[in-house]
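# Chain and residue survey
Each chain, letter by letter, is given below.
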Amino acid sequence: MDLAAVVLAVLLAVSAVAFVARPFLAEPDAEDDRLAGLTPVEQERLQLLERRDRALGALKELEFDHRTGKLEDRDYEASVGQLRREAAEAMRALEPSAVASSARVEKVDAPA
């Protein structure tokens with residue numbers, strides 16, 4: 001292979017890497033931050049999703065530790081109930097029927 005072919009191959013490889021990496025190297029615009037523009041309802045939903053995910057992740061880790069023998073039965077039983085309740089409460093709050101029923105309760109409870 002001659003020198004010109006090697007140089008051409010290297011230039012082609014560098015160009016391809018630069019083209020693929022370009023979107024990852026660009027700075028995002030500050031106005032493109034969608035989390036800052038969330039409505040209060042969307043922020044509450046995001047918080048509930050994060051709460052659910054944290055509880056489910058902790059529950060998964062707890063169950064793994066119990067199955068592998070790192071956690072004794074009594075310690076597992078002391079912790080698993082609370083984590084299941086947290087996850088269930090967050091999932092219940094995320095259900096569309098929960099939002100609709102709480103809105104109906106507020107309307108019924110409101111003074112006429």
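Conventions we followed
- Residues numbered from 1 in each chain as written.
- Predicted model: local features only at pLDDT ≥ 70, side-chain atom pairs only at ≥ 80, totals over all residues.
- Heavy atoms only, no water.
- Helix = DSSP H or I, 4+ residues; strand = E, 2+ residues; numbered from the N terminus.
- Buried < 20%, exposed > 50% of the residue type's maximum accessible area, 1.4 Å probe, protein only.
- pLDDT = per-residue confidence, 0-100.
- Contact = heavy atoms within 4.5 Å.
- Expected span 1.5 Å × (residues − 1).
- Core = buried A, V, L, I, M, F, W, Y, C linked by side-chain atoms within 4.5 Å.
- Salt bridge = Lys/Arg side-chain N within 4 Å of Asp/Glu carboxyl O.
- Patch = residues over 30% accessible without salt bridge, like charges linked within 9 Å, V, L, I, M, F, W, Y side chains within 5 Å.
- Areas by Shrake-Rupley, 256 points an atom, 1.4 Å probe, with all protein chains shown as cover.

## A closer look at the overall build of the protein
The helix and strand tally for the protein stands at 4 helices and 0 strands. Counting helices and strands in the order they occur from the N terminus, the protein gives α-α-α-α. A buried classification covers 9% of the 112 residues belonging to the protein.

## What about the confidence of the model for the protein?
This prediction gives the protein a mean pLDDT of 83; 77% of its residues lie at or above 70. The low-confidence segment residues 104-112, where pLDDT is below 50, has 0 contacts with residues more than four positions distant or belonging to other chains.

## Here we look at helix α2 (residues 40-67)
The terminal C-alpha atoms of α2 lie 40 Å apart, and with 28 residues this matches the ideal 40 Å at 1.5 Å per residue to within 8%. Of all the residues in α2, the buried ones are L48, A55, L59 and L62. The inward-facing, buried residues of α2 contact α3 (73-94). G69 sits one or two positions beyond α2 and adopts a positive phi of about 90°.

## Section: the nonpolar core
Counting 5 residues, the largest nonpolar core consists of L59, L62, Y76, V80 and L83. Broken down by secondary-structure element, the contributors of at least two residues to this core are α2 and α3. Take this core: its biggest share by element is 3 residues, from α3. Not counting chain neighbours up to four residues away, the residues in contact with V80 comprise L59 and L62.

## Here we look at the pattern of salt bridges
Throughout the structure, instances matching the rule amount to 4 salt bridges. Note that E89 and R51 form a salt bridge whose closest N and O atoms lie 3.0 Å from each other. With E89 in helix α3 and R51 in helix α2, the pair connects residues that are 38 residues apart, well separated along the chain. Residue class for E89 comes out partly exposed when judged on its relative accessible area of 40%. The class of R51 is partly exposed, set by a relative accessible area of 29%.

## What to know about a nonpolar patch on the surface
Taken together, the side chains of L3, V7 and L11 define a hydrophobic patch exposed on the protein surface, amounting to about 310 Å² of accessible area. With respect to the element layout, L11 can be found in helix α1 (residues 3-25).

## What to know about the environment of L38
Residue placement: L38 occurs in the loop between α1 and α2. In contact with L38, other than residues within four places in its own chain, are Q43 and L46.

## Topic: α3
In an α-helix, one full turn covers 3.6 residues, which means residues spaced three or four apart are oriented alike. End to end, α3 covers 31 Å across 22 residues, agreeing with the expected 32 Å (1.5 Å per residue, within 8%). Buried within α3 are the following residues: Y76, V80, L83, A87, A90 and L94.

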